[in-house]
Number of protein chains: 2
Amino acid sequence: MKDKLLILSGGMDSVTMLYHYQKEIALALSFNYGANHNAKELAFAALHCQNLGIPHVVIDLEFMAQHFKSSLLEGADAIPEADYAEDNIKSTVVPFRNGIMLSIAAGLANSRGLQAVMLANHGGDHATYPDCRPGFISAMDAAIGAGTDSEVCVFAPYTGLSKSDIAKIGAELGIDYSLTWSCYKGQETHCGVCATCRERKQAMADAGIEDTTVYQA
Amino acid sequence: MKDKLLILSGGMDSVTMLYHYQKEIALALSFNYGANHNAKELAFAALHCQNLGIPHVVIDLEFMAQHFKSSLLEGADAIPEADYAEDNIKSTVVPFRNGIMLSIAAGLANSRGLQAVMLANHGGDHATYPDCRPGFISAMDAAIGAGTDSEVCVFAPYTGLSKSDIAKIGAELGIDYSLTWSCYKGQETHCGVCATCRERKQAMADAGIEDTTVYQA
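Residues numbered from 1 in each chain as written. Chains lettered and ligands numbered in written order. Predicted model: local features only at pLDDT ≥ 70, side-chain atom pairs only at ≥ 80, totals over all residues. Heavy atoms only, no water.

Enquirer: Account for the pairing of strand 2 (residues 25-32) of chain B, with residues named and values stated.
Expert: All names here are of chain B. Buried residues dominate strand 2, accounting for 6 of its 8 residues. Bridge count for strand 1 (residues 4-7) against strand 2 is 4 bridges, and the pairing is parallel. Looking across to strand 2, one finds that Leu6 is bridged to Ala28. For strand 2 and strand 3 (residues 56-60), the ladder comprises 5 bridges, and the chain directions are parallel. Across the sheet, residue Leu29 finds its bridge partner in strand 3, namely Val57. In this region the chain leaves strand 2, passes through helix 2 (residues 38-52) and returns to the parallel neighbour strand 3; the handedness of that crossover is right-handed. (Buried < 20%, exposed > 50% of the residue type's maximum accessible area, 1.4 Å probe, protein only. Helix = DSSP H or I, 4+ residues; strand = E, 2+ residues; numbered from the N terminus. Pairing = 2+ DSSP bridges. Right-handed = clockwise from strand over helix to strand, strands pointing away.)

Here it is as structure tokens:
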């Protein structure tokens, strides 16, 4: 039944979820929140929705770039060139970003009579980003249920998977990951050295996918 | 200690909270979400922040008027002229509005090192608005705590009070309620017949305040 709204960035994880759950997704929702890589991501988000005939709404959250503190909002030079395990990667946290996105998604879903909001958070995000962890997802599900008279819930089926697990699902579904964007720097091509580029390479290698992404490094 | 962010609409309840907790409030945050009465409210919100020397940020959420379903977003004629007890008043619900506002407030508070977000929901709202009830407030507090590594919490000290109780606090503090806005229709003067106008009149009468609001009816 098509009763779900997916938060779609245009990265590997949410694009995989879009194809994986296409029969249940009535609407995809993307956000432009002023991150360096938003323009690159959003073009791919729109492309995949068009491919699948899934309606796509883009909401502008320009207040984040103006008022929020994160290296993700400060240009390519502010992005650490390191693995997620490094401590300086915490500068890429956008405070409560997933809470804001899930809340807006819940209000939009409720306005349209949809019953679930989907987020493609996964296990690899847990250490760095508090708003990707299982405890956050279940707490947000409870808050959205309480605030909508139980009309909307959160469905985040990749919470316990690794990015490599997700890439394996994508490989089975035949997804072309060259039509997704990861790099936090958001330049012409993927930098290849920021945390999310490193994770992207590793996940594709683990899943046995030929990585045709053009990397600078 | 000035470590809190208040969500300030410019209505009686949040203006009372602003004066009541002024020593703890580092920042007031208002939203323009396209409701009929936003312009009227926001002018008063700005006025009181200026009076008290409290910094004030206004964030535009124009996507709500564009994508969300509520009579509050559809012009004065869509507003029911009835008490909150009437069933048609549910048309004024803006889906998950307080969840969205608390989430954005939490992200902004965390960006600025503030430790709590305050909301002036009260007991009179509980029947109509699910996102004003005690269970929602405690669930949202848990979600914001989980999503910010326990750096931000929700503080909603009027949750158990009635609007009349709040008006009594305002009377003791000497607040001039003619410098607040309630009416959902958002016309030149208060209509006097919508649910929030009726509640405003009753609260001031209960608190023994002379109501100098100009009402159309």
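Structure shown, so let's carry the discussion forward.
Enquirer: Break down the sheet that holds strand 2 of chain B for me, citing the residues and quoting the values.
Expert: Residues and elements named next belong to chain B. Read across the sheet, 5 strands follow the order 3-2-1-4-5 without closing on themselves; strand pairing throughout is parallel. In this open sheet, the two edge strands, each paired with only one partner strand, are strand 3 and strand 5 (153-155). On average, each strand axis in the sheet is inclined to that of its neighbour by 30 degrees, with strand direction left out of account. In the packing of helix 4 (residues 97-111) onto the sheet, the strands contacted are strand 1, strand 2, strand 3, strand 4 (116-118) and strand 5, and the crossing angle to strand 1 comes to about 150 degrees. (Axes fitted to C-alpha atoms, helices over the stretch in contact; angles between N-to-C directions. Contact = heavy atoms within 4.5 Å.)

Enquirer: Which residues make up the pattern of salt bridges, and what are the values?
Expert: This structure, assessed with the given rule, holds 13 salt bridges over all chains. Two residues, A:Lys40 and A:Glu188, come together in a salt bridge whose shortest N-O distance is 4.0 Å. Here A:Lys40 is found in helix 2 (residues 38-52), whereas its partner A:Glu188 is found in the loop between helix 6 (163-173) and helix 7 (195-206), with 148 residues between them in sequence. Judged by its relative accessible area of 24%, A:Lys40 falls in the partly exposed class. Classification of A:Glu188 as exposed rests on a relative accessible area of 66%. For the salt bridge of B:Lys4 with B:Asp3, the shortest nitrogen-to-oxygen distance reads 3.2 Å. What emerges from the salt-bridge pattern is a single network uniting A:Asp3, A:Lys4 and A:Glu24. (Salt bridge = Lys/Arg side-chain N within 4 Å of Asp/Glu carboxyl O.)

Enquirer: Describe the environment of B:Asp77, naming the residues involved and giving the relevant values.
Expert: Looking at the element boundaries, B:Asp77 is found in the loop between helix 3 (62-67) and helix 4. With 64 residues separating them along the chain, B:Asp77 and B:Asp13 place their C-alpha atoms 25 Å apart.

Enquirer: Would you mind going over the interface of chain B and chain A in detail, with residue names and values included?
Expert: The interface of chain B with chain A comprises 34 residues on the first partner and 34 residues on the second. Counting each side, the surface lost to burial between chain B and chain A is near 2,600 Å², with a carbon and sulfur contribution of 71%. In this structure, A:Asp149 engages B:Arg133 in a salt bridge whose closest nitrogen and oxygen atoms are separated by 2.9 Å. Viewed at the interface, chain A and chain B are joined by 7 residue pairs in polar contact (both at pLDDT 80 or more). Of all elements in the fold, only strand 3, helix 3, helix 4 and helix 5 (134-147) of chain B reach the threshold of two or more residues within the side of chain B that touches chain A. Considering only residue class, the side of chain B that touches chain A consists of 19 nonpolar, 9 polar and 6 charged. (Buried area = accessible area lost by both parts, 1.4 Å probe. Polar contact = N/O pair within 3.5 Å; in protein donor to acceptor, adjacent residues only side chain to side chain. Nonpolar A, V, L, I, M, F, W, Y, C, P; charged D, E, K, R; others polar.)

Enquirer: I'd like to hear about the relation of the copies chain B and chain A, residue by residue, with values.
Expert: Placing chain B over chain A gives an RMSD of 0.0 Å and needs a rotation angle of 180 degrees, together with 0.0 Å of translation along the axis. The transformation just described matches what one would write down for a two-fold rotation axis. Comparing contact sets, 100% of the residues at the interface of chain B also lie at the interface in chain A, consistent with an isologous, same-surface contact. (Least-squares fit on C-alpha atoms with pLDDT ≥ 70 in both.)

Enquirer: Could you give me a rundown of the environment of B:Glu199, with the residues and numbers involved?
Expert: All names here are of chain B. Residue placement: Glu199 occurs in helix 7 (residues 195-206). Residues Glu199 and Leu47 lie 152 residues apart in sequence; the distance between their C-alpha atoms is 23 Å. Contact partners of Glu199, with chain neighbours within four places excluded, come to Tyr84, His122, Gly124 and Lys163.

Enquirer: I'd love a proper account of unusual backbone geometry, names of residues and values included.
Expert: Of note, the phi angle at A:Ser150 is positive, near 60 degrees, even though the residue is not glycine. Looking at where A:Ser150 falls in the secondary structure, it is placed in the loop between helix 5 (134-147) and strand 5 (153-155). One non-glycine residue with positive phi stands out, namely B:Phe96, at about 55 degrees. Tracing the sequence through the fold places B:Phe96 in the loop between helix 3 and helix 4.

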